[in-house]
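Each chain is listed here by its residues.
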Amino acid sequence: MDVIESLRTAMRRRITAAGIVSEAEYQREWMNAPAEALLYIRETVMEYTREEDSQMSELVTVLCEYDVFARNKAFPNPMLKVSDIASRILAEFNVKDPAKVDVALDGWTGGVSASVARYNYGSPSQEEELFRLPVLIYVEIYLPASAKYGG
């Protein structure tokens, strides 16, 4: 499995396991939005930069964007609702908490490590039907030459 796909799976698992949203309220990348969900998260994960540490390792920085959507008129204050969900996502990956900063990438061996480097909010927006607040999480993955996927 590609290391970016492993990260995507690990991040999704943590968000849903923490009870921030259910699987039914989670839109995976390249999939359709949940039709009946009043509130949902859309995932976008992309390699942001790639730095060569040396010939023996790589440091990959990945942008994980989680757009939080609430349908208009579904809540008395939809922006308050999306802000609450966005805050819970950031709390789950709190860069100040050593227990939360590391992201476990199942199946990878050979010294691979992933950790949240920084995060912030994107610009909120409102359309006729949806309120949106992006959450941006930058994860650094250290890949030594000995890294292998064995999952």
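Relevant structure appears above.
Undergrad: Any details on the overall build of the protein? Residues and values, ideally.
TA: For the protein, the helix and strand inventory stands at three helices and eight strands. Its helices and strands taken in sequence order, the protein reads α-β-β-β-α-α-β-β-β-β-β from the N to the C terminus. Expected size for 151 residues packed as a compact globule is a radius of gyration near 15 Å; at 16 Å, the protein falls within 12% of this value. C-alpha extents for the protein along the principal axes are approximately 55 × 30 × 25 Å.

Undergrad: Any details on the environment of Glu-128? Residues and values, ideally.
TA: On the secondary structure map, Glu-128 appears in the loop between strand S6 (125–126) and strand S7 (130–144). A sequence separation of 56 residues divides Glu-128 from Asn-72, and the C-alpha atoms of the two residues are 7.2 Å apart.

Undergrad: Give me the pattern of salt bridges: which residues, what numbers.
TA: Between side chains of opposite charge, pairing is possible as soon as their charged atoms come close. With the rule as written, the count across this model stands at eleven salt bridges. One salt bridge connects Arg-12 with Glu-43, and the closest N-O pair in it is separated by 3.2 Å. In this pair, Arg-12 sits in helix H1 (residues 3–17) while Glu-43 sits in strand S2 (residues 39–54), placing the two residues 31 residues apart along the sequence. Note on Glu-43: relative accessible area 1%, which makes it buried. The partner of Asp-67 in a salt bridge is Arg-42, and the shortest N-O contact between them spans 2.7 Å. A residue pair is termed long-range when its members are at least 10 positions apart, and Asp-67 in strand S3 (residues 57–71) and Arg-42 in strand S2 qualify at 25 residues. With a relative accessible area of 1%, Asp-67 lands in the buried category. Judged by its relative accessible area of 28%, Arg-42 is partly exposed. The network of salt bridges with shared partners includes Glu-5, Arg-8, Arg-12, Glu-29 and Glu-43.

Undergrad: For the nonpolar core, give the residues involved together with the corresponding values.
TA: Counting residues in each nonpolar core, the largest one holds 37 residues, and the members touching the most others are Ile-41, Tyr-66, Ile-89, Ile-137 and Ile-141. Elements that contribute at least two residues to this core include exactly H1, S2, S3, helix H2 (78–92), strand S5 (113–121) and S7. Look past the residues within four positions of Ile-141 in its chain and what remains in contact with it is Val-3, Leu-7, Glu-58, Leu-59, Val-60, Val-62, Leu-105, Val-112, Ser-113 and Ala-114.

Undergrad: Account for the packing of aromatic side chains, with residues named and values stated.
TA: Applying the stated criterion across every chain yields a total of two aromatic pairs. With centroids separated by 5.0 Å and ring planes inclined at 25°, the aromatic side chains of Tyr-40 and Phe-69 adopt a geometry described as stacked. Taken together, the residues Tyr-40 in strand S2 and Phe-69 in strand S3 connect sequence positions 29 residues apart. Here Phe-69 falls in the buried class, since its relative accessible area comes to 5%.

Undergrad: Can you explain the pairing of S3? Please cite residues and give values.
TA: Among the 15 residues of S3, 13 are classified as buried, and the element is accordingly described as predominantly covered. One ladder, built from 15 bridges, connects S3 with S7; its direction is antiparallel. Among the inter-strand pairings, Tyr-66 is bridged to a residue of S7, identified as Val-135.

Undergrad: Explain unusual backbone geometry residue by residue, including any values.
TA: Positioned with a positive phi, Trp-30 is a non-glycine residue whose angle comes to about 70°. Structurally, Trp-30 can be placed in the loop between strand S1 (26–27) and S2. Positive phi outside glycine occurs at Lys-73, with the angle close to 70°. Considering the arrangement of structural elements, one finds Lys-73 in the loop between S3 and H2.

Each value, and the rule that gives it
- Residues take numbers from 1 onward in each chain, read along the sequence in its written order.
- Restriction of local features to residues with pLDDT of at least 70 applies here, the model being predicted, together with a cutoff of 80 or more for giving and counting side-chain atom pairs; totals for whole chains, interfaces and linings are based on all residues.
- Note: side-chain values were computed over all heavy atoms of the structure, leaving out hydrogens and water.
- Under the scheme used here, helices are H or I runs from DSSP no shorter than 4 residues and strands are E runs no shorter than 2 residues, and both carry numbers assigned from the N terminus.
- Here the radius of gyration uses the C-alpha set of atoms, whereas the globule reference equals 2.2 Å times the residue count to the power 0.38.
- A pair is scored as a salt bridge if a Lys or Arg side-chain nitrogen falls within 4 Å of a carboxyl oxygen belonging to Asp or Glu.
- Note on exposure labels: buried denotes an accessible area under 20% of the residue type's maximum, exposed denotes more than 50%, and partly exposed covers the range between, all computed with a 1.4 Å probe on protein chains only.
- Residues belong to a common nonpolar core when they are buried Ala, Val, Leu, Ile, Met, Phe, Trp, Tyr or Cys residues joined through side-chain atoms within 4.5 Å.
- Should any heavy atoms of two residues lie within 4.5 Å, those residues are considered in contact.
- For Phe, Tyr and Trp, where Trp contributes only its six-membered ring, two rings pair if their centres lie within 6.5 Å, and the inter-plane angle classes them as stacked under 30 degrees, edge-to-face over 60, or tilted in between.
- Between any two strands, pairing holds if DSSP finds at least two bridges.

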